[in-house]
Amino acid sequence: MTGRTTMPGEDSAGSLLAAGAVLPTGTAGAADRAVPLTARTYRHPALDDRPVVRLVDAALGEGEDIAAGFLGLTPGAEPAVVGLGPRRPLAFPEWVLVHHPADGRHALAVVPELQKLAKQARSRPKAALDGHQAVADRFARTLPHLLPTFFERAARVFLAAGQDTYATQLFNRARKAEAQHGLPIDLNRLDEVYLRFASAKVVSATALAGYAKELSARLPAAEALDRFCRLALRAAAAGVVPSAQSASAVNRLVRAATRAAGRTGAAAVADREPAYLTELLRLPVAAEAPAGWWKAHLPAVTALAGRDPAIRRSGDPAIRRSGAACST
């Protein structure tokens with residue numbers, strides 16, 4: 001043992017983050033996937049001199065402080081950055097405490113009940129699902145804006161318990177609640193939610209492509225295209241295999257953006273698909289994409305391979321396979 005800290009390489013950073021590791025600051029390959037983690041220290045009169053220390057995404061520190069305050073904890077020291085951790089969206093009940101502090105007591109009041117239900121998720125999943133739905137029904141009557149993050153928390157509980165089917169159902173209920181109650185949507189938060197659950201194989205290819213339709217309904221065409229392409233790239237970097245549905249969604253967004261741009265802006269839109277594919281084809285999961293994905297993007301991929309040697313080197317076997325598949 002030399003006492004030196006081994007810095008993980010770019011290839012391993014993503015897998016270490018996915019496993020929950022805390023990486024040293026400055027780790028190569030972690031910049032787009034990780035966030036600074038702070039150690040936040042709290043104290044409580046009942047704990048004497050024993051501090052409570054929480055590792056928290058620096059951007060979510062305010063929510064953590066508010067949640068701790070509801071429990072009677074007070075900050076005991078300035079937050080200190082201790083490393084890099086996986087990027088996570090603000091979750092229930094912290095999301096409620098930050099965005100709807102007046103409803104914080106209602107969110108915190110159900111936490112003990114949710115903890116009991118979480119213990120049942122593996123051994124009695126149907127009973128745990130019914131219990132979560134009973135809590136959701138109470139929220140739906142008076143506090144429907146709590147439902148999306150509540151259902152997402154429940155989905156994570158079932159995912160951790162190995163109950164992927166129930167996790168998918170709960171993720172879908174979160175999206176249904178947004179539509180049913182006409183709730184305002186923070187697209188930055190929703191991007192992170194889709195990314196996290198897609199990486200865990202909870203969000204299907206069809207559901208991820210369906211998000212593209214929601215973006216096109218909420219944003220100008222070019223902005224919807226750029227946002228979905230960023231999400232698709234981040235998902236692919238996290239190991240999500242590109243799908244035929246995703247390729248069709250990108251093509252629809254390209255066409256919509258081209259129509260909206262008119263003659264003067266069409267050239268700028270035309271560059272977006274090649275730029276997206278150039279990044280995607282350098283990722284290992286591109287070689288696993290199904291024939292339908294290659295078929296949908298084949299004209300653009302062929303043009304890229306013709307002028308970019310790096311694309312030919314990184315994707316040549318996959319490009320040949322896709323060409324053969326699409327010609328049959």
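About the thresholds
- Each residue is numbered by its place in its chain's sequence as written, counting from 1.
- Only residues with pLDDT of at least 70 are given local features in this predicted model, and only at 80 or more are side-chain atom pairs given and counted; all residues enter the totals for whole chains, interfaces and linings.
- Heavy atoms from the whole structure form the basis of all side-chain values; hydrogens and water molecules are not counted.
- The helix and strand labels rest on DSSP assignments: H or I over at least four residues marks a helix, E over at least two residues marks a strand, and numbering proceeds from the N terminus.
- Here the term buried applies to any residue with accessible area under 20% of the maximum for its type, exposed to any over 50%, and partly exposed to those in between, with areas from a 1.4 Å probe on protein chains only.
- It only takes one pair of heavy atoms within 4.5 Å for two residues to be counted as in contact.
- Grouping buried Ala, Val, Leu, Ile, Met, Phe, Trp, Tyr and Cys residues that are joined through side-chain atoms within 4.5 Å yields what is termed a nonpolar core.
- A residue's pLDDT is simply how confident the predictor is in it, with values from 0 to 100.
- Convention adopted: a line fitted to C-alpha atoms gives each axis, helices being fitted over their contacting stretch, and angles between N-to-C directions are expressed from 0 to 180 degrees.
- Between 65 and 115 degrees an angle is taken as roughly perpendicular, under 35 as roughly parallel, over 145 as roughly antiparallel, and anywhere else as oblique.
- When residues are grouped by polarity, Ala, Val, Leu, Ile, Met, Phe, Trp, Tyr, Cys and Pro land in nonpolar, Asp, Glu, Lys and Arg in charged, and all others, Gly among them, in polar.

Moving on to the overall build of the chain. A count of helices and strands for the chain gives 15 helices and four strands. Out of the 328 residues belonging to the chain, those deemed buried represent 44%. Across the chain, contacts joining residues at least 24 apart in sequence account for 63% of those joining residues at least 6 apart.

Core analysis: the biggest nonpolar cluster contains 77 residues, and Phe92, Phe139 and Leu281 have the highest contact counts within it. Membership of the second largest hydrophobic core comes to five residues, among which are Ala13, Leu17, Ala34 and Leu84.

Where the model shows low pLDDT, its predicted coordinates should not be examined in detail. On average, the chain scores 86 in pLDDT, and the residues at 70 or more come to 90%. Every residue in residues 1-8 scores below 50 in pLDDT, and together they form ten contacts with partners more than four places removed in sequence or on other chains. Across residues 322-328, where pLDDT falls below 50, the model places seven contacts with residues more than four positions away in sequence or in other chains.

Another aspect to go through is unusual backbone geometry. For the bond from Phe92 to Pro93, the omega torsion is 5°, close enough to zero to count as cis. Locating Pro93 in the fold gives a position in the loop between β4 (80-86) and α3 (94-99). Residues other than glycine seldom take positive phi values, yet Lys201 does so here, at roughly 65°. Within the fold, Lys201 resides in the loop between α9 (187-199) and α10 (205-218).

Turning our eyes to something else, we now look at the packing of helix α12 (residues 244-270) against helix α13 (residues 272-280). Two numbers describe how α12 lies on α13: the axes approach to 9 Å, and their chain directions differ by 135°. Of the possible angle classes, the one that applies to α12 and α13 is oblique. Note on element contacts: α13 touches α12 through Arg272, Glu273, Pro274 and Tyr276, opposite Ser246, Val250, Asn251, Val254, Ala268, Val269 and Ala270. Considered class by class, the residues forming the contact of α12 with α13 number seven nonpolar, two polar and two charged.

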